[in-house]
Amino acid sequence: MATIVTTVTVAFDGSAHTDISANVTNVGVSYGRQRLIDEFSAGHCNITYDNRDNSLTPGHSDSTYGNTQLIGREVRVSTVVTGGANTYPTYLFRGIITDVNYVAGQDTSTVTLSVVDGFEKLGRASVFNETFVSQKGGARVSAILDLASVSYPNSADPQDRDIGIGTTTMDAATGVTGNALDLIQQVTRTDNGQFLINHAGKTSATNFGGVAFWEGQGGGSDDWGIIFSDDKTLPSGSVQMEALTLEFGSELLFNAYEFTDSTGTIHTGKDTDSITKYGQRTLKRTMLSSGLSTENAGEYFIGLYAEPELRISTVTTDIDSMPTNDAEKCLQFNVRTATTLSYLPSGSSTTMGGQYIVEGVSYNISVRDMATNSSRITATYSTSAADTTAYWVLGDLTLGDFPTILAPG
């Protein structure tokens, strides 16, 4: 059983971080998405604070921290596994305070800090009448982030961005106006990529979580060598699943596309066999690329989603119940992490599973032992199957690359 120490800090003065962990009774973290076709949304963190000492009563004149700005101040949540191999902590979340809620009882006083990651800033930023040259997706995303009206942080310490190159060229555009996050997500859809604020990952002196991550089609993933299993006797490298959910349905079933290219031309295609079985299910997208790239993207999607598949959609595990080495690896899981799942359905003699990619991460962190300052951490990972070999064709312009969201490391 791993001893995990969780630290919560707040930059009450806007720069130096203050450790408030001694008063924190619970931390909830959630970021990513549920399914492949979904957009990534803002990550959230809710921190429950025991305020019986009046230290965080919001807006109160004699409250140590409550009588400070609070809203907009940075919060970091990190973990260290006692006896682990990592030199640096793993940062499970970094964001800014958006709300402070206070609840008082006869002998209790509780404050809840609501924290949101960098998507909150992008969701408020506007782009007006801008011009962009023809460029790869990553360059377009960086150009949007660098606009004066957006001014998204680009520090190296802590690391604020990890922007890849991309594979699809965005056509030149003038008079571009809109919300910054919406425009970046349109670039992401055009390149069949991923854009989110990612946390955790490989520890380093500059990784404090909260990294604006963008990658186009064809990117890879990280693999920490963890196998989630329901076996009662676990081999080395395997960890226990506490629960999982399976899905088999039409959520990811699309057999026709209607994609609009950068000139406004609509491109269509369909899988007749799939339509005969399931009826027509059309995916519609507006792209920023040329006609050929848009057609290729449509055919690519049909190849991936024309048939329903049984998938393990979520897996839940108790990280503090793991051996030290495995717990340290699981805490580094984030969106894009590759892992192996193994499950024997009740009454069956055939094990199902395979390699999966993490699409979303959530944590419930509570106090396990006050004496050792250790945490109980339950993690739930939303996953997608990484096996697309049935659709992969060597040398094919459309099907010759694994998508970023499915590629194992």
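So, how was this worked out
- Residues numbered from 1 in each chain as written.
- Predicted model: local features only at pLDDT ≥ 70, side-chain atom pairs only at ≥ 80, totals over all residues.
- Heavy atoms only, no water.
- Salt bridge = Lys/Arg side-chain N within 4 Å of Asp/Glu carboxyl O.
- Helix = DSSP H or I, 4+ residues; strand = E, 2+ residues; numbered from the N terminus.
- pLDDT = per-residue confidence, 0-100.
- Contact = heavy atoms within 4.5 Å.
- 1 Å grid on protein atoms, 1.4 Å probe; cavity = no way out; pocket = protein on both sides within 12 Å on 5 of 7 lines; lining within 4 Å.
- Points joined across faces, edges and corners; volume = space filled by probe spheres on them.
- Nonpolar A, V, L, I, M, F, W, Y, C, P; charged D, E, K, R; others polar.
- Pairing = 2+ DSSP bridges.
- Axes fitted to C-alpha atoms, helices over the stretch in contact; angles between N-to-C directions.

A. Representation of the pattern of salt bridges within the structure. For the structure shown, the criterion picks out eleven salt bridges. As a salt-bridge pair, Glu39 and Arg189 come within 2.3 Å of each other at their nearest N and O atoms. In this pair, Glu39 is assigned in the loop between strand E3 (24-32) and strand E4 (41-50) and Arg189 in helix H3 (residues 180-190), connecting sequence segments 150 residues apart. Taking the shortest distance from any N to any O, the salt bridge between Arg76 and Glu74 comes out at 2.8 Å. Salt bridges sharing partners connect three or more residues here, namely Glu74, Arg76, Arg94 and Asp160.

B. Structural context of the confidence of the model for the protein chain. In this model, the protein chain carries a mean pLDDT of 88, and residues with pLDDT of at least 70 account for 93%. Low pLDDT (under 50) marks residues 388-409, which in the prediction has 62 contacts with non-local residues, meaning those over four places away or in another chain.

C. The arrangement of empty space enclosed by the protein in detail. Summed over the entire model, instances satisfying the criterion amount to three cavities of 30 Å³ or more. Reported here for the second largest cavity is a volume of approximately 160 Å³. Lining the second largest cavity we find 16 residues, and of these Arg33, Leu36, Asp38, Gly193 and Arg285 sit closest to its centre. Elements represented by at least two residues in the lining of the second largest cavity include exactly H3 and helix H5 (291-305). Per element, the largest residue contribution to the lining of the second largest cavity is three residues, and it comes from H3. Taken together, the residues of the lining of the second largest cavity sort by class into seven nonpolar, four polar and five charged.

D. Up close: the sheet that holds strand E10 (residues 161-163). The strand order across the open sheet built from three strands is E10-E14-E13, with neighbouring strands paired in mixed fashion. With partners counted over all chains shown, the strands left at the sheet margins are E10 and strand E13 (194-198), one partner each. For this sheet, the mean inter-axis angle between neighbouring strands, taken without regard to orientation, is 10°. Direction of pairing for E13 relative to strand E14 (residues 211-215): antiparallel, over a ladder of five bridges. Pairing of Asn198 across the sheet is with Val211, part of E14. Here helix H2 (residues 137-146) sits on the sheet in contact with E10 and E14, set at roughly 150° to E10.

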